[in-house]
2 protein chains.
Amino acid sequence: MKKLFVIKIGGNIVDDAVALDSFLQKFTTIDAPKILIHGGGKVATSIGKKLGIEPNYVNGRRITDAETIDLVTMVYGGLINKQIVAALQAINCSAIGLTGADANIIPAVKRPVKEIDYGFVGDINSSQLAVDSLQLFLSNNLVPVFAPLTHDNKGQLLNTNADTIASSLAVALSKLYDVRLIYCFEKKGVLENVGDENSVISLINKEKYQQLLQDKKLADGILPKIENAFAAINTGVQEVLIGDANDLLQNTTDNTVGTLIKA
Amino acid sequence: MKKLFVIKIGGNIVDDAVALDSFLQKFTTIDAPKILIHGGGKVATSIGKKLGIEPNYVNGRRITDAETIDLVTMVYGGLINKQIVAALQAINCSAIGLTGADANIIPAVKRPVKEIDYGFVGDINSSQLAVDSLQLFLSNNLVPVFAPLTHDNKGQLLNTNADTIASSLAVALSKLYDVRLIYCFEKKGVLENVGDENSVISLINKEKYQQLLQDKKLADGILPKIENAFAAINTGVQEVLIGDANDLLQNTTDNTVGTLIKA
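What counts, and at which threshold
Residues numbered from 1 in each chain as written. Chains lettered and ligands numbered in written order. Predicted model: local features only at pLDDT ≥ 70, side-chain atom pairs only at ≥ 80, totals over all residues. Helix = DSSP H or I, 4+ residues; strand = E, 2+ residues; numbered from the N terminus. Rg over C-alpha atoms; globule rule 2.2 N^0.38 Å. Buried ≥ 20, exposed ≤ 12 C-beta atoms within 10 Å, placed from the backbone. Contact = placed C-beta atoms within 7 Å. Least-squares fit on C-alpha atoms with pLDDT ≥ 70 in both. Pairing = 2+ DSSP bridges. Axes fitted to C-alpha atoms, helices over the stretch in contact; angles between N-to-C directions. Nonpolar A, V, L, I, M, F, W, Y, C, P; charged D, E, K, R; others polar. Expected span 1.5 Å × (residues − 1). Parallel < 35°, antiparallel > 145°, perpendicular 65-115°, else oblique. Left-handed = near helix turned anticlockwise from the far one by under 90°. pLDDT = per-residue confidence, 0-100.

Let's shift gears to the overall build of chain A. Counting its regular elements, chain A contains nine helices and 14 strands. Whereas a compact globule of 263 residues would reach a radius of gyration of roughly 18 Å, chain A reaches 18 Å, a difference of no more than 12%. In terms of principal-axis extent, the alpha carbons of chain A reach across some 45 × 45 × 35 Å. Here chain A, with 263 residues, has 51% of them falling under the buried criterion. Within chain A, contacts between residues at least 6 apart in sequence are counted, and of these 72% link residues at least 24 apart.

Here we come to the relation of the copies chain B and chain A. Between chain B and chain A, which share one sequence, the superposing operator has a rotation angle of 180 degrees and an axial displacement of 0.0 Å; the RMSD is 0.0 Å. Both copies of the chain, as the preceding transformation shows, are related through a two-fold rotation axis. In terms of C-alpha distance to the rotation axis, chain B has G78 of chain B as its closest residue, with the C-alpha 1.8 Å off the axis. The fraction of interface residues of chain B whose copies in chain A are also interface residues reaches 100%, indicating that both copies meet through the same surface.

All right, on to the sheet that holds strand β5 (residues 95–98) of chain A then. Residues and elements named next belong to chain A. Here eight strands make up an open sheet; going across it, the order is β5-β8-β2-β1-β11-β13-β14-β12 and the pairing mixed. With partners counted over all chains shown, the strands left at the sheet margins are β5 and β12 (203–204), one partner each. Of the strand pairs in this sheet, strand β1 (residues 2–9) and strand β11 (residues 177–184) are connected by seven bridges, and their pairing is parallel. Bridging across to β11, K8 finds its partner in Y183. This element, helix α6 (residues 162–173), spans β1, β2 (34–38), β8 (143–146) and β11 of the sheet and lies at about 170 degrees to β11.

Residues and elements named next belong to chain A. Counting buried positions over the five residues of strand β13 (residues 239–243) gives four, a clear majority of the element. Sheet topology note: the β11/β13 ladder contains five bridges and is parallel. Considered in β13, the bridge of Y183 is made with I242.

On to the environment of V237 of chain B. Residues and elements named next belong to chain B. Position of V237 relative to the elements: it lies in the loop between α8 (223–233) and β13 (239–243). In this structure V237 comes out as buried when scored by C-beta crowding, with 28 C-beta atoms within 10 Å. C-alpha of V237 to C-alpha of V171: the two residues are 66 residues apart in sequence and 5.6 Å apart in space. Apart from residues no more than four positions distant in its own chain, V237 is found in contact with A170, V171, S174, V179, L181 and A232.

Attention shifts here to the interface of chain B and chain A. Counting residues at the interface gives 35 residues for chain B, matched by 35 residues for chain A. Of all elements in the fold, only α4 (66–90), β5 (95–98) and β9 (149–151) of chain B reach the threshold of two or more residues within the side of chain B that touches chain A. With 14 residues, α4 of chain B is the largest single contributor of residues to the side of chain B that touches chain A. For the side of chain B that touches chain A, a count of residues per class yields 15 nonpolar, 15 polar and five charged.

Residue and element names in this part refer to chain B. The strand order across the open sheet built from eight strands is β5-β8-β2-β1-β11-β13-β14-β12, with neighbouring strands paired in mixed fashion. Single-partner strands in this sheet number two, and they are β5 and β12 (203–204). As paired elements, strand β1 (residues 2–9) and strand β2 (residues 34–38) share five bridges and run parallel to each other. Paired with I9 across the bridge in β2 is H38. Along the sheet face, α4 touches β2, β5 and β8 (143–146) and points at about 175 degrees away from the line of β5.

Here the focus is helix α2 (residues 17–28) of chain B. If you check α2 of chain B, its first and last C-alpha atoms are 17 Å apart, about what 12 residues at 1.5 Å a residue would give, namely 16 Å. Considering only its buried residues, α2 of chain B is in contact with β1, α1 (11–14), β2, α4 and α9 (245–250) of chain B.

Let's shift gears to the packing of helix α4 (residues 66–90) of chain A against α4 of chain B. Direction vectors running N to C along α4 of chain A and α4 of chain B enclose 120 degrees, while the axes themselves pass 7 Å from each other. Relative to α4 of chain B, α4 of chain A is oriented oblique. The two elements α4 of chain A and α4 of chain B cross, and the hand of that crossing is right-handed. Along its contact with α4 of chain A, which presents D70, T73, M74, V75, G77, G78, L79 and K82 of chain A, the element α4 of chain B presents D70, T73, M74, V75, G77, G78, L79 and K82 of chain B. Residue composition of the contact of α4 of chain A with α4 of chain B, grouped by class: six nonpolar, six polar and four charged.

Glancing now at the confidence of the model for chain A. Mean pLDDT over chain A works out to 93, with 98% of the residues at or above the 70 mark. Taken over the whole predicted complex, pTM reads 0.96, whereas the ipTM for its chain interfaces reads 0.95.

All names here are of chain A. Put simply, α6 and helix α8 (residues 223–233) touch, their axes get as near as 9 Å, and they point 10 degrees apart. With respect to each other, α6 and α8 are oriented roughly parallel. Listed contacts from α8 to D163, T164, S167, A170 and V171 of α6 are P224, K225, N228, A231 and A232. Its residues assigned to classes, the contact of α6 with α8 comprises five nonpolar, three polar and two charged.

Residues and elements named next belong to chain B. You can see S168 is positioned in helix α6 (residues 162–173). Taking the C-alpha atoms as reference points, S168 and L4, 164 residues apart in sequence, are found 14 Å from one another. With residues up to four places along the chain from it excluded, the contact list for S168 reads I106, I124, S126 and L129.

A positive phi angle is found at N92 of chain A, which is not glycine, with a value near 60 degrees. Here N92 of chain A lies in the loop between α4 and β5. A residue is classified by how many C-beta atoms lie within 10 Å of it, and N92 of chain A, with 9 of them, is exposed. Positive phi values are uncommon outside glycine, yet A103 of chain B reaches one of about 55 degrees. In this structure, A103 of chain B sits in the loop between β5 and β6 (108–110).

Bringing the environment of V43 of chain A into the picture now. All names here are of chain A. Inspection of the secondary structure puts V43 in helix α3 (residues 42–50). Sequence separation between V43 and I80 is 37 residues; the distance between their C-alpha atoms is 8.8 Å. Those residues within four positions of V43 in sequence are excluded, and the remaining contacts are D15, V75, L79 and I80.

This is the structure:
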């Protein structure tokens, strides 16, 4: 099967013009089909503040109320997404900016209200992704760039975590491609010792994961990423890499940087 | 050649939820390839005001400064565009929201500074449009929905009039399709007598246009639309219709409503 790279970047790259430029330069050099998923970043918060939209928390969890879904639709789906697309076009990478509503690629279900009403948050079922449209774009040398937005097929846009979108796309496409899912983040990889930047764990398999959980070595921020990674691995994705964008894209066939997650 | 509908809607529809819903319902019933182009609307102005972005005029002409291009990228390219896409998906129309930067469909040139520096405004050359990508989408039953944004191929997004985008798309596609370009606006058509809503001119050809110009019967607002229409007609578009959205989409093969512009 043909190799496909599904790469997710977050606020540490999106918010930093120099880091973003450096990332996009390296991203374009990947000589294979590829998909980029970007997170939000601080710009949404700062624009929200100017618009008088206060972050709304219930029991410590951020809620996507009606004002907030409009805000993220503007900032993620418009400003950040189209700026990345324009920047990629400038370096001869024919990007196409998308949300999950476009071509109905990522239908979702508004999260059911249990203890918390998360508001306009969408949960995805990977089996329902429109793989045909994605393949149409990829096979015509278009590079999909996804904002972290989905929709409910009833006209409502929904906020969906970018890591989850990345893993769902990776899973859905693993039937057609040999998928490498890459989570870029602010550390060199998953750290054995949170205080030591050089304690990167080079490989996490299921046993190692259980051991890390038992030893309570996984910081709050990394836990959902690893859960997403294993969800992807368990449903068809070949391998997941977590680490620093510069390192990981320096040599996309090299497994000696970052943390590799495999079954 | 196959029929293609290129339909532009402006603020009178985009700003009015009921009118927009009614328009989109009719739009989906067009049983032929179709492209929608939407303008901006008042929501950009009201969000701009909240963000402290004052409209910037030089010699009475609106300037797209750096703050404003970010604003319209958010509001046109994000909020309005993706809400229309989600609304179309809900009625089984597989829309794909685009700017001119996406798939490099509409490259533009930043308007050269002469008497006025218009700022981040893009001028289009129809011959440079990426017709291949458009045809790829159309032939796969995807319905392109364009925000009025282009880019300069150097990473900068640009503001381009939605009427101009519509006519440029119509011209570029007239080599492959029998194109009907439809400008929806707030009147029933071009009026012989500006004060009389029932004085719709049913047909404007070149002679009639010259006569209307001589008689100074064309209001300021309609003049650029007719200029765009004739620019399209002169470069390959079969016909242009101007009028009320509800009338024009009621029966898309009927020429008895609105104003038909033909060579």
